[in-house]
Amino acid sequence: MSKPSRDWLKGVLSAYDTIVIGSGLAGMTSANLLAKMGHKVLLAEHHYNMGGLATWFKRKGGHIMDISLHGFPCGMIKTLRKYWNQDISKRVIQLKNIRFDNPQFSINTTFDKIDFTHILRERFGILKEVIDEFFVTARAMNFYDDLVMTTRDLFEKFFPGRTDVWRFLMEPITYANGSTLDDPALTYGIVFSNFMDKGVFTYQGGTDHLIKEMKKELLRNGVDIRTHCMVEKIYVEDKTVQGVRINGQDIVCKSVLSNSNLLTTIEQLTGEEHFDPEFIKEVKKVRLNNSSCQVYMGIKRGETVPHVGDLLFSSVADEYCTDKILSKDVTSRTFSFYYPEIRPGTNRYSIVSSTNARYQDWANLSEPQYKKDKHDLEQSTLDALEKYVPDIRRKVDHVEASTPKTFKRYTLHPSGTSFGTKFEGLKISRDLPKQINGLFHAGSVGIIMSGWLGAANYGVIVANETDKFLRQLSPSLVTASA
Amino acid sequence: MTMEDVRQIILSILADIAPDEDISSIDDNTKLRDQIDLDSMDFLDIVMELRKRFNIEVPEKDYEHLATLAGCVSYLTPLLKDRQLAS
Ligand SMILES: Cc1cc2nc3c(=O)[nH]c(=O)nc-3n(C[C@H](O)[C@H](O)[C@H](O)COP(=O)(O)OP(=O)(O)OC[C@H]3O[C@@H](n4cnc5c(N)ncnc54)[C@H](O)[C@@H]3O)c2cc1C
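None of these values were measured; they are calculated from a predicted model.

Here we come to the interface of chain A and chain B. On the chain B side, the residues contacting the 20 residues of chain A number 17 residues. Counting each side, the surface lost to burial between chain A and chain B is near 1700 Å², with a carbon and sulfur contribution of 49%. At the surface where chain A touches chain B, the tally comes to 5 salt bridges. Here Asp42(B) ties to Lys78(A) by a salt bridge, and the two come within 2.6 Å at their closest N and O atoms. One can count 9 residue pairs in polar contact (both at pLDDT 80 or more) joining chain A with chain B. Elements with a contribution of two residues or more to the side of chain A that touches chain B: α1 (25-36), α2 (75-83) and α18 (451-473) of chain A. Looking at which element gives the most residues to the side of chain A that touches chain B, the answer is α18(A), with 7 residues. The class makeup of the residues in the side of chain A that touches chain B is 9 nonpolar, 4 polar and 7 charged.

Here is the structure:
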């Protein structure tokens with residue numbers, strides 16, 4: 001049983017400069033930066049662990065399972081160094097064996113521009129000039145581009161009719177952020193180019209290590225961290241933030257930086273009545289991104305798994321197809337293989353299978369049906385894995401599945417969204433402070449601001465805005481640190 | 001603060017942001033981006049650091065002035081000329 005809620009707020013101050021709602025990577029990164037800038041920061045997280053979707057769990061038999069540590073772009077090294085610390089950034093290592101296996105092709109790659117250029121030429125027979133031009137176009141895309149062009153248009157232009165090439169270029173990105181061929185091409189260009197820069201990277205030590213180190217750094221910088229603390233309400237008067245209610249207790253603050261889902265922040269925590277009706281009209285148009293299912297497989301102590309790849313995009317579908325990728329009738333899975341190098345010294349292996357999924361496919365099942373469907377998902381996943389790791393059933397001693405309902409329960413995200421909102425959410429997120437003084441949102445939004453790198457960097461961008469706001473309130477706040 | 005003081009401050013901020021780069025070899029009149037590996041997040045860091053150290057706000061429309069070291073110096077010196085260098 002959890003203790004009475006007031007314990008979790010014991011010793012809390014009566015007022016803060018900023019209250020950060022949620023300890024996802026965006027929330028933690030902005031809390032850390034704001035504290036370093038000299039502001040008094042409270043970080044409130046409803047769960048007992050920090051990290052949000054950057055999380056892990058432990059199971060009997062010494063198993064540790066990572067939820068969203070499958071890979072991120074090398075830009076994360078710089079982000080961790082600049083906004084966290086050198087030691088944390090030094091733990092980032094490359095995953096060199098990315099595999100595709102589907103009816104159209106079987107390919108191993110380091111997932112960077114040089115290797116992709118080579119594969120597109122040799123394997124898919126694309127002209128060098130076309131490939132170069134494609135990379136330049138993708139790299140040049142930015143936030144200010146027009147939104148008319150979709151990723152489908154982009155592919156159609158460079159690789160007309162080549163659904164095999166489309167799949168090669170798109171499938172990993174669909175897994176990375178839920179985007180589809182119908183999303184704006186710039187969301188593809190930005191994320192794809194980030195990966196193509198140098199490849200796919202991970203964190204040595206596992207998610208648990210990372211979050212523990214981040215927690216230490218937050219405490220060093222003076223952030224007041226409170227887990228088991230649900231923010232229930234953001235108080236607004238005269239279009240200005242006044243404070244929040246946490247576990248039934250009111251706390252005053254000059255600004256709120258919400259890492260809770262964008263729509264939850266507006267509709268539930270703040271209340272639509274505080275916004276312009278025109279703004280709310282736009283809010284209603286924001287589409288949530290999809291959710292996920294995962295199957296976690298813990299390998300017995302002493303057992304090994306041969307090196308079959310770090311990340312494996314496997315599919316039995318004829319062609320790339322978003323609908324099929326989202327379907328409950330799973331044809332595509334991304335397997336992440338965690339070898340002992342991920343957690344040096346433990347000598348343990350685990351495998352996680354991820355699929356994109358729709359909340360509504362899982363939300364309204366009867367309890368027995370839900371259990372059965374989860375069980376079927378576990379079994380069909382083991383069947384699919386058998387092809388790559390023969391005898392897998394003999395090697396595992398823990399199998400467990402999560403669904404969109406699981407993601408919703410732990411993160412409170414509506415429909416268990418894994419990657420925030422579609423592109424239109426970004427503008428809403430950016431415009432919040434224009435609606436309400438002192439109200440900021442940072443977290444997975446707009447496709448480009450999702451993933452570990454996107455969320456953390458967006459936390460920095462919004463911390464900058466929050467700092468600017470706070471300094472305008474108290475211009476004397478100059479920290480002359482050199 | 002003199003122009004040279006401002007120049008040194010910018011260089012020290014750049015050294016923090018890009019510790020692996022040879023800051024001393026930066027040419028004042030060539031775009032910073034063409035000389036060292038800087039992205040838009042790094043420019044944001046420069047702006048945040050200036051606000052933190054000197055309480056000066058560089059509006060987004062003025063970011064273009066920060067493209068070269070000489071540009072930084074001529075944009076920032078008037079804003080900083082009455083300040084004492086922190087010891
Ligand atoms: C299955 C899966 C696999 C993924 N794989 C990868 C990957 O390999 N690489 C990658 O880069 N990205 C991956 N991602 C995406 C990445 O994990 C997320 O984009 C990123 O972690 C989101 O960070 P965030 O800051 O938006 O916040 P979140 O992680 O969404 O956290 C929000 C936090 O706010 C808290 N909260 C919400 N409301 C309240 C409230 N009212 N009071 C208190 N606390 C509240 C929640 O509990 C949560 O801790 C994956 C995501 C999923 C679901």
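The strands making up a sheet associate through hydrogen bonds between their backbones, and the pairing can be parallel or antiparallel. Residues and elements named next belong to chain A. An order of β7-β6-β14-β15-β16-β13-β17 is seen for the 7 strands of this open sheet, with the pairing classed as mixed. At either margin of the open sheet sits one strand with a lone partner, and together these are β7 (106-109) and β17 (396-402). The average angle at which neighbouring strand axes cross in this sheet is 15 degrees, direction not considered. When strand β13 (residues 291-299) meets strand β16 (residues 350-357), the two strands line up antiparallel, connected through 8 bridges. Among the inter-strand pairings, Met297 is bridged to a residue of β16, identified as Ile351. Against the sheet, helix α16 (residues 404-411) contacts β13, β16 and β17, and its axis sits at roughly 95 degrees relative to β13.

Procedures and definitions
- Residues numbered from 1 in each chain as written.
- Chains lettered and ligands numbered in written order.
- Predicted model: local features only at pLDDT ≥ 70, side-chain atom pairs only at ≥ 80, totals over all residues.
- Heavy atoms only, no water.
- Contact = heavy atoms within 4.5 Å.
- Buried area = accessible area lost by both parts, 1.4 Å probe.
- Salt bridge = Lys/Arg side-chain N within 4 Å of Asp/Glu carboxyl O.
- Polar contact = N/O pair within 3.5 Å; in protein donor to acceptor, adjacent residues only side chain to side chain.
- Helix = DSSP H or I, 4+ residues; strand = E, 2+ residues; numbered from the N terminus.
- Nonpolar A, V, L, I, M, F, W, Y, C, P; charged D, E, K, R; others polar.
- Pairing = 2+ DSSP bridges.
- Axes fitted to C-alpha atoms, helices over the stretch in contact; angles between N-to-C directions.

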